[in-house]
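So you can see what is in the structure, the chains are spelled out below.
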Amino acid sequence: MARIDSAFADLAALDTLAALDSPVHRLDPRVKVLTALVFVVCVVSFDKYVLAAMAPFALFLSLVMAVAGIPAGYVLRRVALVAPFAMLVGLFNPLLDQQPQFFLGPITVSGGWLSFGSILLRFGLTVAAMLVLVAVTGFHAVCLGLERMGMPRIFAVQLLLLYRYMFVLVEEGQRMHRARSLRSFQGRGLGMRIFGHLIAGLLLRTLDRAQRVHMAMLCRGFDGTIRLRRDMRLTLRDLLLFLLVCLLLLALRRYDCAQLLGRLFMGS
Amino acid sequence: MSHHIVEVLDLIHTYGDGTAAVRGISFRIHHGESVAVVGANGAGKSTLLLHLNGSLTPQGGSVRIGDFPLTRETLPEIRRTVGMIFQDPDDQLFMPTVAEDVAFGPLNLGLPPGEVEQRVTRALDRVGVEHLRDRPPHRLSGGEKRAVSIATVLAMSPDILVLDEPSSNLDPRARRLLIELLAGFQHTKIIATHDLDLVLDLCPRTIVLKEGRIMADGPTGAIFDDDQLLADCHLEQPLRLQACPRCGRKQA
Amino acid sequence: MHMADALLSPAVGGVFWAASAGAIAFCAKRVQRSLDDRKVPLMAVLGAFIFAAQMINFTIPATGSSGHLGGGMILAILLGPSAAFLTIASVLTVQALFFADGGLLALGCNIFNLGVFPCFLAYPLIYRPIAGDGASPLRLGLGATLAAIVGLQLGALGVVFETIASGISELPVNAFVWAMLPIHLAIGLVEGLVTTAVVASVRKARPEILAAAAASRPLGSLSLGRVLAGLGVAALITGGALSWFASASPDGLEWSMARASGKEELAAPEQGLHSWLARLQEKVAILPDYAFRTNSSTPAAGEEATPSWPAVDAGTTASGLVGGGLTMLLAAALGLVFRRRTPLR
């Protein structure tokens, strides 16, 4: 509960960040969505023991955040906040894979630890990429961009309306939760039966609200199709930038720049 | 000329669970009038209002707006003429930004994009929320939401405005701004409200409902002087008529 | 439970994305054609309801631990399968984008696991036949609980399949499966009971909603027999794939040891199945340039490239390709079965 509370508070922060202005913010949303996708696919396609080669991707991400004005602390906090199923599963790796891979002085590092570290890094990078995408584009623009790229219109409308009413309903849910906890003592009153009643009540009120929203839509001429104003223009500059960035990401994936840098440093 | 006369004849509405909400209501409202509909909770105010643009279908009686009787065929035209503003702004602001909400109606009317843009700007200006154009609705205050919902309806250029409890949940300043805004509209206004002081400010004519029937329909001043009527209908005088404005002593 | 990007390989992720995107497009068309414009605000508001409902926890009797509502079954019962699927997909999308529950690439898997199984399998094939229009509370409870359990079990199997096929995690199949299934059995049971309680309440207060949903035909003009046949094929394929995994990938520790000793290939206990699948791998090359996954040319910085790495790659490549190919066949089979229907009205 607390987790979702703070996550919702952070949502407002995401909205604020999306309203900033920067060269990154001004790019076409389609470009940003596709870049995020390329980024995620590159990161995820690394082999399971790879660690250091992912570092340049972290660098790329922090560069984007810097140009766009997204605070790194916020992103790191959000990444840390999520309780990942992946971490739990990943923890098995050091236990199951004890094959030593290399030696750090006196310490033996097994394959399991490497792949665990890789999982952690993967996780951080992919989650951060998504957050940054929404932070520099805004949920609304992301949906419109996806719709322009072929997502079914009714699904885009669904996402937008869901986003809109999420806040309203979560507030109702919060009030209900608070009311319940004020009247429950020592864990009593929190069982399934009460929950069932509460949820049923919320659901009925929700259905009523759906009816009212529908009526309001009809009053303003709704005929089954929601028309979206999609004023997006893809400039040549946007396209060129996109191609450049893709090439960069693919190059980072193909060539292990971290190792190159290391070699440079060690003079070998 | 019968343009924009709102005529209701013997309206009867019973809900599915048997509640008789409206039991034979008749009245006539002329172009440009500003009429308040008051009554206790459950008297049938909201139900009555919902009939005025066809959101509800009566079991008996008829509604006529201007030249058009309310039927399925005339529904689109009537919905363009009668703009309805509901009690809960969250029910009416469902688009991602204010500008898109205001554009929703004109876009549905099939207007070209340039015209839609114009209407949006004009409606936002009229209501004084141009600066909120790109704001998402969940980040608006109560008063701002109310103002925006009025703008969403204004953008369709209705001739008649129907408002359900417009001043509820507003802080005093927002409420004052709303009253000033509504006072400036030339449209026919039909306002269901508990806020009797607002009625004094805006509506020369008042219809009093009790249990689905009209108990009184006449000049506001006369109705608020009739203590017996008010008591019968579970109402009180407007707050500022209840006590001397200077010494605060209650009038006999 | 949600799949995460960190455990996913591009091949598996891509395949499930294709399946989910296809399902979304299919359902979007269907909802559009259903001519019921009430669905538009209803889907959105119910999706928001799911968010809110998931915020409120309850204690599970006899264990003391707290649980949350999933909501998939409730949505299917109130909206019908296509609209419910779109709603579930939208909720998962927002969760992925804002709460980092699951990832961008894993979204396809999650939509498949948590959307397809409850809406297109559990609801029409278990809930509807048993509970009908929800008139009898006992049959309602039975139908809802069974449907919830089956839906969640299939979803859990989906996660297992995707994780193993991606080859990032070291978890051996057996342990994984035997951990996931019982947990999800319990979760499914609880979900079913809560769903029953909620649906019963709605039925009492607003019976017309359930009546409207019950009047719709979840499978359109399809016959039950054809669907079951398609499912049978799907089950065979899935079962074959899983058993191959279970038998062909031994314990993680043994695997590492086998690699270290320089064995080129994994032990293949079932000669026939393995060779057939190996031939299939050559034919079905989803990503023509698999240089993406081999790393013999780019070892991670600071590590010595062990000589047996190509063997690991061959193993994971094979499992990834085969798993992906089989999934595609499964998705295609489902799509074929559902596509051939005439539009209603």
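Below or above, wherever it landed, is the structure these notes cover. (Residues numbered from 1 in each chain as written. Chains lettered and ligands numbered in written order. Predicted model: local features only at pLDDT ≥ 70, side-chain atom pairs only at ≥ 80, totals over all residues. Heavy atoms only, no water.)

### A closer look at the overall build of chain C
What chain C contains, in helices and strands, is twelve helices and two strands. What you see in chain C, going N to C, is helices and strands ordered as α-α-β-β-α-α-α-α-α-α-α-α-α-α. Considering chain C as a whole, with its 345 residues, one finds that 57% of them fall into the buried category. Within chain C, counting contacts between residues at least 6 apart in sequence, those at least 24 apart form 76% of the total. (Helix = DSSP H or I, 4+ residues; strand = E, 2+ residues; numbered from the N terminus. Buried < 20%, exposed > 50% of the residue type's maximum accessible area, 1.4 Å probe, protein only. Contact = heavy atoms within 4.5 Å.)

### Quick word on the sheet that holds strand β8 (residues 188-192) of chain B
All names here are of chain B. Pairing is mixed across the open sheet formed by six strands, whose spatial order is β6-β7-β8-β3-β9-β10. Since the sheet does not close on itself, it has two edges, and those belong to β6 (82-85) and β10 (213-219), each with one partner. Sheet twist, expressed as the mean angle between neighbouring strand axes with direction ignored, is 15°. Here strand β3 (residues 34-39) runs beside β8; their pairing, made up of four bridges, is parallel. (Pairing = 2+ DSSP bridges. Axes fitted to C-alpha atoms, helices over the stretch in contact; angles between N-to-C directions.)

### Considerations on unusual backbone geometry
All names here are of chain B. The residue serine 157 is not glycine, and still its phi comes out positive at about 50°. Topologically, serine 157 is positioned in the loop between α5 (142-154) and β7 (160-164). Note on serine 157: relative accessible area 37%, which makes it partly exposed. Positioned with a positive phi, glutamate 165 is a non-glycine residue whose angle comes to about 50°. Mapping glutamate 165 onto the fold places it in the loop between β7 and α6 (172-183). With relative accessibility at 9%, the residue glutamate 165 sits in the buried group.

### What to know about the packing of aromatic side chains
Residue and element names in this part refer to chain A. Under the defined criterion, the tally for this structure stands at eleven aromatic pairs over all chains. When the ring of phenylalanine 139 is compared with that of tyrosine 163, the centres are 4.6 Å apart and the planes differ by 35°; the resulting orientation is tilted. Of this pair, phenylalanine 139 sits in helix α8 (residues 139-148) while tyrosine 163 sits in helix α9 (residues 153-182), placing them 24 residues apart in sequence. The buried category is assigned to phenylalanine 139, whose relative accessible area is 3%. The aromatic ring of tyrosine 165 is capped on one face by arginine 164, whose charged end is 5.1 Å from the ring centroid. For the cation-ring pair, arginine 253 lies above phenylalanine 46, with the distance from its terminal atom to the ring centre recorded as 4.3 Å. (Phe/Tyr/Trp six-rings, centres within 6.5 Å; stacked < 30°, edge-to-face > 60°. Lys NZ or Arg CZ within 6 Å of the ring centre and 35° of its normal.)

### Some words on the interface of chain B and chain A
Taken residue by residue, the interface counts 30 residues in chain B and 26 residues in chain A. The contact between chain B and chain A buries some 2600 Å² in all, and 57% of this surface belongs to carbon and sulfur atoms. Of all residues in chain B, Asp91, Phe94 and His138 of chain B bury the most surface against chain A, accounting for 25% of the area lost on that side. The tally of links from chain B across to chain A stands at five salt bridges. In this structure, the salt-bridge partner of arginine 209 of chain A is aspartate 91 of chain B, at a minimum N-O distance of 2.8 Å. Summed over the shared surface of chain B and chain A, the number is ten residue pairs in polar contact (both at pLDDT 80 or more). Among the elements that line the side of chain B that touches chain A, the one with the most residues is helix α3 (residues 98-108) of chain B, at eight residues. Across the side of chain B that touches chain A, the residue classes break down as 14 nonpolar, eight polar and eight charged. (Buried area = accessible area lost by both parts, 1.4 Å probe. Salt bridge = Lys/Arg side-chain N within 4 Å of Asp/Glu carboxyl O. Polar contact = N/O pair within 3.5 Å; in protein donor to acceptor, adjacent residues only side chain to side chain. Nonpolar A, V, L, I, M, F, W, Y, C, P; charged D, E, K, R; others polar.)

### Some points on the pairing of β7 of chain B
All names here are of chain B. The buried fraction of β7 amounts to five of the five residues, a majority that puts the element mostly inside the structure. Residues Ile160, Val162 and Asp164 point to one face of β7 and Leu161 and Leu163 to the other, with burial holding for every one of them. Where β6 and β7 come together, four bridges link them in parallel fashion. In the strand pairing of β7, methionine 84 is matched with valine 162. Both β7 and β8 contribute to a ladder of five bridges, which runs parallel. Within β8, the residue paired with leucine 161 across the bridge is lysine 189.

### Remarks on the sheet that holds strand β5 (residues 68-69) of chain B
All names here are of chain B. The antiparallel open sheet is built from four strands, whose spatial order is β2-β1-β4-β5. Whereas interior strands pair on both sides, the edge strands pair on one side only; in this sheet they are β2 (20-29) and β5. Pairing analysis gives five bridges linking strand β1 (residues 6-14) to strand β4 (residues 60-65), with the strands arranged antiparallel. Note on β4: the bridge partner recorded for glutamate 7 is arginine 64.

### Considering helix α4 (residues 72-81) of chain A
Residue and element names in this part refer to chain A. Every buried residue of α4 is accounted for by Tyr74, Val75, Arg78 and Val79. One face of α4 carries all of its buried residues, which in axial projection span an arc of 130°. Facing away from the buried side of α4 by over 90 degrees, the exposed positions are Leu76 and Ala80. (Arc of directions from axis to C-beta.)

### Some points on a nonpolar patch on the surface
The grouping of Leu234, Leu236, Leu239, Leu240 and Leu243 of chain A at the surface amounts to a nonpolar patch, some 480 Å² of accessible area in total. On the basis of relative accessibility, which here comes to 42%, the residue leucine 234 of chain A falls in the partly exposed class. (Patch = residues over 30% accessible without salt bridge, like charges linked within 9 Å, V, L, I, M, F, W, Y side chains within 5 Å. Areas by Shrake-Rupley, 256 points an atom, 1.4 Å probe, with all protein chains shown as cover.)

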